[in-house]
Amino acid sequence: ESVLQNDQVDAVFATYSITDKRKALIDFAGPYFTAHQGILVMASNTDINSAADLDGKNVAVQSGSTGPSIVEEVAPKAVLSEYSTDEEARAALEQGTSVLPDDQADAYVIDETLQEGSIVANPGKYRLVSETIGPDDPYGIGLAKGSDAVDFVNAFLQKVEDDGVWKQLWKVCIGDRTGQTEAPEPPTIGA
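As a starting point, this report considers the structure included with it. Source: prediction; values computed, not measured.

### Quick notes on the nonpolar core
Judged by nonpolar contacts, the single largest core of 15 residues is most densely connected at Ile39, Ile48, Leu54, Val59, Val71, Val109 and Ile133. Those elements that place two or more of their residues in this core are β2 (27-42), β3 (58-62), α3 (67-74) and β5 (107-111). If you look at the next biggest cluster of nonpolar residues, it comprises ten residues, including Ala89, Tyr108, Ile110 and Tyr126.

Here it is in structure tokens:
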């Protein structure tokens, strides 16, 4: 939000969750995708198979993401450690049970799409728990508060959906890489 508010950039394209807190500071075009939180564990981990299994476990989350509040809601007895980057959180997961609690994690929770990318980049290293958690997590394109670009970007996104390009992009970016064959329905633009 700060780079938009300080006029450092005109738009933010990322896995940028649309939240009420963020909408108070900036505007969003979209949503262009809806995700949920995914639970990543090491491939050898057989103890964590659902959100309920996170209680009492050390769970890595990313600072500034929606993950911390979602984990607190679905697994209130989980011990959260916040990390600045995806790499730091996965390093804590790879440490497993070390002497220092800050250096370990039994699971890592963040957007499922990011988790799927880690699995594809590291075959056989991680496992994504089949149950996703949390509410729908709509991704949007961040724009400065009061931006006249919202309508323009929404019209572009709608054309991408209407022309079937959205499903083609999903197939190339997610489906083909993760072995998924059925594209989800795209979200309603401007909702």
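### With respect to the packing of aromatic side chains
Throughout the structure, instances matching the rule amount to four aromatic pairs. Arranged with centres 6.2 Å apart and planes meeting at 55°, the rings of tyrosine 32 and tyrosine 139 form a pair that is tilted. In this pair, tyrosine 32 sits in strand β2 while tyrosine 139 sits in strand β7 (residues 133-143), placing the two residues 107 residues apart along the sequence. Aromatic pair phenylalanine 33 and tryptophan 166: ring centres 6.3 Å apart, planes at 25°, arrangement stacked. Placement of phenylalanine 33 in strand β2 and of tryptophan 166 in helix α7 (residues 165-178) is noted, with a sequence separation of 133 residues between them. Residue tryptophan 166 is classed as buried on the basis of its relative accessible area, which comes to 10%. One aromatic cluster is present, built from ring pairs that chain together Tyr32, Phe33, Tyr139 and Trp166.

### A closer look at the pattern of salt bridges
Here the structure, examined in full by the defined rule, presents eight salt bridges. For aspartate 20, the salt bridge is made with lysine 23, and the minimal N-O distance between the two is 3.7 Å. Taken together, the positions of aspartate 20 and lysine 23, both in helix α2 (residues 20-23) and three residues apart, correspond to about one turn of that helix.

### Topic: the packing of helix α5 (residues 112-121) against α7
Running from N to C, α5 and α7 point in directions that differ by 55°, and their axes come no closer than 10 Å. Taken together, the axes of α5 and α7 are oblique relative to one another. Considering how the two elements wind past one another, α5 and α7 form a crossing that is left-handed. Of the residues in α7, those in contact with Thr113, Glu116 and Val120 of α5 are Ile174, Arg177 and Thr178. Its residues placed into classes, the contact of α5 with α7 shows two nonpolar, two polar and two charged.

### A word on unusual backbone geometry
A cis amide bond links glycine 30 with the next residue in sequence, proline 31, at an omega value of 10°. In this fold, proline 31 is placed in strand β2. Unlike most non-glycine residues, aspartate 7 shows phi in positive territory, near 60°. Inspection of the secondary structure assignment puts aspartate 7 in the loop between α1 (2-5) and β1 (11-12).

### Comments concerning the environment of alanine 105
Relative to the assigned elements, alanine 105 resides in the loop between α4 (86-95) and β5. Those residues within four positions of alanine 105 in sequence are excluded, and the remaining contacts are Asn58, Ala60, Ala92, Leu93 and Gly96.

### Quick look at α5
Turning to α5, its buried residues number three or more, namely Glu112, Thr113, Gln115, Glu116 and Ser118. Buried residues along α5 sit in contact with β2, α4, β5, β6 (126-128), β7 and α7.

### Quick notes on the environment of glycine 67
Within the fold, glycine 67 resides in helix α3. Using a relative accessible area of 0% as the deciding quantity, one classes glycine 67 as buried. Placed 30 residues apart in sequence, glycine 67 and glutamine 37 show a C-alpha to C-alpha distance of 6.8 Å. Beyond its immediate stretch of four places on either side in the chain, glycine 67 contacts Gln37 and Val61.

The rules behind each value
Residues numbered from 1 in each chain as written. Predicted model: local features only at pLDDT ≥ 70, side-chain atom pairs only at ≥ 80, totals over all residues. Heavy atoms only, no water. Core = buried A, V, L, I, M, F, W, Y, C linked by side-chain atoms within 4.5 Å. Buried < 20%, exposed > 50% of the residue type's maximum accessible area, 1.4 Å probe, protein only. Helix = DSSP H or I, 4+ residues; strand = E, 2+ residues; numbered from the N terminus. Phe/Tyr/Trp six-rings, centres within 6.5 Å; stacked < 30°, edge-to-face > 60°. Salt bridge = Lys/Arg side-chain N within 4 Å of Asp/Glu carboxyl O. Axes fitted to C-alpha atoms, helices over the stretch in contact; angles between N-to-C directions. Parallel < 35°, antiparallel > 145°, perpendicular 65-115°, else oblique. Left-handed = near helix turned anticlockwise from the far one by under 90°. Contact = heavy atoms within 4.5 Å. Nonpolar A, V, L, I, M, F, W, Y, C, P; charged D, E, K, R; others polar.

So yeah, pure geometry; function would need other evidence.
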